[in-house]
Amino acid sequence: MRRPILAANWKMHKTAGEAADFAAAFLPLVKDADAVDVVVAPPFTALDRLASALAGSNVALAAKNVSPEPQGAFTGEVSVGMLAELGCRYAIVGHSERRTLFGETDGFVARKAAALFAAGLVPIVCVGESLEEREAGRTTAVVGAQIDGSLAEVPAERASALVVAYEPIWAIGTGRTATPEMAQEVHAFVRERLRGRFGDAARDIRIQYGGSVKPDNVDSLMAQPDIDGALVGGASLDPAAFARIVHFEGPGREPSGRSGRPS
Ligand code: PEP
């Protein structure tokens, strides 16, 4: 059974004060969401304040990046130890904006994922193809290579805790979502690839879909058998919209909530 995981990626939005305001509005809306994992990833500057606001709640804290280095002369970087001390349970790594705008490679992402696991945090590792790659029929080649490269240092015994986010780049922030069937096709491919690498643990690995997930499309996406959650950018900035996403409805979820789905 895979427990759904709905995560907010705030990108470079919200000050610490705005993050606290979000928490005040959002927590009452999701206090009954006990059958899913809810995660919020604010900017680094809001982590401490949000950690206080989320204390004792059912919403977990995540970072949106991390250095693979434990400490040292790495100006502008933040280590896993710093994130752990603030109460982060997850960190997003390999987001397409990091890969395309900041030149992050699969090898660099792999080192970050390993550092997170070593510190007891869970990496949310993002993969996804560009429009050009999709139109050239290269989606599985690109995503397969990202899976192999970015997860190369995941310890086999921790693999089942891993979270992978499939985010087609052409669907991020564009309002253009993959259809549920398109997303499911790639998710099934990702799970097979994970099976090749981690064996039976692949059954437990949660694969999120990301790319213009909104209250009005989350239900059909979450109804797909290999879509175990969502990584949400724009729609996660609004407490009511993200709460609706957390409370997705449909065949994948019983009205009173659920504890997982058959794998
Ligand atoms: C993202 O930033 O990971 C994302 C999926 O953004 P959006 O939901 O805005 O497309």
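Check the entry above for the structure.
Here the structure is a predicted model, which is why all the values come from computation and not from measurement.

**Q** How would you summarise the overall build of the protein if you had to cite specific residues and measurements?
**A** Along its length, the protein carries 10 helices and 8 strands. The C-alpha radius of gyration computed for the protein amounts to 17 Å, which stays within 12% of the reference 18 Å derived for 263 residues, consistent with globular compactness. Along the first, second and third principal axes, the C-alpha atoms of the protein reach 50 × 45 × 35 Å. The burial tally for the protein puts 54% of its 263 residues in the buried class. Of the contacts made within the protein by residues no fewer than 6 positions apart, 74% connect residues no fewer than 24 positions apart. Accessible surface for the protein amounts to roughly 10900 Å². Of this, 53% is attributable to carbon and sulfur atoms. Taking the average place of the 27 positive charges on the side chains of the protein and the average place of its 32 negative ones, the gap between the two points comes to 1 Å.

**Q** Now, about the side chain of Asp37: what can you tell me, with residues and values included?
**A** With respect to the helices and strands, the residue Asp37 is situated in strand E2 (residues 37–41). Residue classification places Asp37 among the buried positions, given a relative accessible area of 16%. When near neighbours in sequence (up to four residues on either side) are disregarded, Asp37 contacts Arg3, Pro4, Ile5, Leu6, Tyr90 and Arg206.

**Q** Could you give an account of the site of the ligand, with specific residues and numbers?
**A** In the vicinity of the ligand, 14 residues are found, and the nearest of them are Lys11, Glu167, Gly173, Ser212 and Gly233. With respect to the ligand, the side chain of His95 contributes an N or O atom lying 2.9 Å from an oxygen atom. A distance of 2.8 Å separates an oxygen atom of the ligand from a polar backbone atom of Gly234. In the complex, the protein chains occlude 97% of the 290 Å² of accessible area that the ligand would expose alone. Here the shell around the ligand is built from residues that sort into 4 nonpolar, 8 polar and 2 charged.

**Q** Could you give me a rundown of the environment of Ala145, with the residues and numbers involved?
**A** Structurally, the position occupied by Ala145 is in helix H7 (residues 139–150). Taking relative accessible area as the criterion, Ala145 reaches 39% and is therefore assigned partly exposed. It is 21 Å that separates the C-alpha atoms of Ala145 and Asp204, two residues lying 59 residues apart in sequence. Apart from residues lying up to four places away in sequence, Ala145 is in contact with Asp106 and Arg193.

**Q** Which residues make up the sheet that holds strand E1 (residues 5–9), and what are the values?
**A** With parallel pairing, the 8 strands of this closed barrel are ordered in space as E1-E2-E3-E4-E5-E6-E7-E8. Geometrically, the sheet is characterised by an average inter-axis angle of 25 degrees between neighbouring strands, direction not taken into account. Relative to E1, helix H10 (residues 239–246) is tilted by about 155 degrees, and along the sheet it contacts E1, E2 and strand E8 (229–232).

Criteria and cut-off values
Residues numbered from 1 in each chain as written. Predicted model: local features only at pLDDT ≥ 70, side-chain atom pairs only at ≥ 80, totals over all residues. Heavy atoms only, no water. Helix = DSSP H or I, 4+ residues; strand = E, 2+ residues; numbered from the N terminus. Rg over C-alpha atoms; globule rule 2.2 N^0.38 Å. Buried < 20%, exposed > 50% of the residue type's maximum accessible area, 1.4 Å probe, protein only. Contact = heavy atoms within 4.5 Å. Areas by Shrake-Rupley, 256 points an atom, 1.4 Å probe, with all protein chains shown as cover. Lys, Arg positive; Asp, Glu negative; His and termini not counted. Charge placed at Lys NZ, Arg CZ, Asp CG, Glu CD. Near = heavy atom within 4 Å. Polar contact = N/O pair within 3.5 Å; in protein donor to acceptor, adjacent residues only side chain to side chain. Nonpolar A, V, L, I, M, F, W, Y, C, P; charged D, E, K, R; others polar. Pairing = 2+ DSSP bridges. Axes fitted to C-alpha atoms, helices over the stretch in contact; angles between N-to-C directions.

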